[in-house]
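Chain residues, written in single-letter form:
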Amino acid sequence: MPRWIRTSACAIAVAILAGCGATAPAKQSTGRVEPAPTGKGYDFRSEGKIPPPAGGSARPETDVEEIAVADSSGIEVSEADAPRDSAPPPAPVTAAAIAEGFRIQLFASADRDVAQGARDVAAQRLGMPAYLDLDGGVYKVRVGDFQRREDADAALPAVRAKFYPDAWIVPARVNVPSR
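Residues numbered from 1 in each chain as written. Predicted model: local features only at pLDDT ≥ 70, side-chain atom pairs only at ≥ 80, totals over all residues. Heavy atoms only, no water.

A. Broad picture of the sheet that holds strand β3 (residues 138-146). Spatially, the 4 strands line up as an open sheet ordered β2-β3-β1-β4, and their pairing is antiparallel. Either end of the sheet is taken by a strand with one partner, and the two such strands are β2 (130-135) and β4 (168-175). Mean inter-strand twist for the sheet, computed between neighbouring axes without regard to direction, equals 45°. Sheet contacts for helix α2 (residues 112-126): β1 (98-109), β2 and β3; angle to β3, the most-contacted strand, approximately 20°. (Pairing = 2+ DSSP bridges. Helix = DSSP H or I, 4+ residues; strand = E, 2+ residues; numbered from the N terminus. Axes fitted to C-alpha atoms, helices over the stretch in contact; angles between N-to-C directions. Contact = heavy atoms within 4.5 Å.)

Given below as structure tokens:
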């Protein structure tokens with residue numbers, strides 16, 4: 001290897017070490033705390049005190065005063081007046097009313113609010129019961145309660161024709177209508 005390459009390599013190594021902070025060893029700490037120079041640093045003696053505003057016309061604000069509020073409005077709110085969810089809660093299903101079957105999956109999202117909105121829209125558009133299933137951290141919107149695959153296959157073209165061209169059939173636990 002030519003001498004100029006070795007010399008250049010050594011010079012580069014020295015420059016890198018100098019740039020990384022490789023300097024003389026730092027002096028040992030004596031364990032004594034040096035006072036900050038006057039007018040600089042943080043003054044611990046004033047901790048907890050709010051200094052007055054510096055110049056200008058600003059005044060220090062007073063603390064917030066709590067005021068008791070008397071209910072003199074005369075307005076009564078009952079549970080009948082309380083806001084409700086846009087969709088009614090699903091009817092309770094007994095264990096005997098659930099069976100293995102199929103549903104049609106329309107949509108999936110990691111955002112619960114988005115998936116709930118899609119479920120409500122799907123139920124309205126399709127006139128079928130719509131469900132929101134959490135599977136692997138993803139909310140899946142599925143419709144229908146089909147006990148047989150043939151019934152799901154028959155409903156799939158109509159679902160695809162009404163805004164859901166990518167819908168597909170998935171196995172699921174479905175609600176069985178009471179007899």
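B. Structural view of the nonpolar core. Core analysis: the biggest nonpolar cluster contains 19 residues, and I104, L106, V143, V159, Y164 and A167 have the highest contact counts within it. Breaking this core down by element, the ones donating at least two residues are β1, α2, β3 and α3 (149-161). In contact with V143, other than residues within four places in its own chain, are R103, I104, L106, A122, L126, M128, P129 and A130. (Core = buried A, V, L, I, M, F, W, Y, C linked by side-chain atoms within 4.5 Å. Buried < 20%, exposed > 50% of the residue type's maximum accessible area, 1.4 Å probe, protein only.)

C. Structural view of α3. When the terminal C-alpha atoms of α3 are compared, their 19 Å separation across 13 residues agrees well with the 18 Å that a helix rising 1.5 Å per residue should span. The largest bend along α3 measures about 30° and falls at A155, with the proline P157 one to four residues further on. Those residues of α3 that fall on the buried side of the exposure criterion are A152, A155, L156 and V159. Positive backbone phi, approximately 75°, marks F163, located one or two places after α3. (Expected span 1.5 Å × (residues − 1). Bend = angle between axes of the 7 residues up to and from the residue.)

D. Region of the structure containing the side chain of R142. Here R142 shows up in strand β3. Judged by its relative accessible area of 10%, R142 is buried. Separated by 3.0 Å, the side chains of R142 and Q105 make a polar contact. The residues touching R142, leaving out its near neighbours within four places in the chain, are R103, I104, Q105, P129, A130, Y131, D133, D135 and V170. (Polar contact = N/O pair within 3.5 Å; in protein donor to acceptor, adjacent residues only side chain to side chain.)

E. Spotlight on the confidence of the model for the protein chain. Mean pLDDT for the protein chain: 74, with 46% of residues reaching 70 or above. Model confidence for the protein chain, summarised as mean pLDDT per element, is weakest for helix α1 (residues 3-19) at 62 and strongest for α3 at 95. (pLDDT = per-residue confidence, 0-100.)

F. Geometry of the packing of aromatic side chains. The tally for this structure, following the rule as stated, stands at 0 aromatic pairs. Taking the ring centre of Y131 as reference, the NZ or CZ of R103 above it sits at 3.6 Å. Positioned above the aromatic ring of F102, the side-chain terminus of R149 is 5.7 Å from the ring centre. (Phe/Tyr/Trp six-rings, centres within 6.5 Å; stacked < 30°, edge-to-face > 60°. Lys NZ or Arg CZ within 6 Å of the ring centre and 35° of its normal.)

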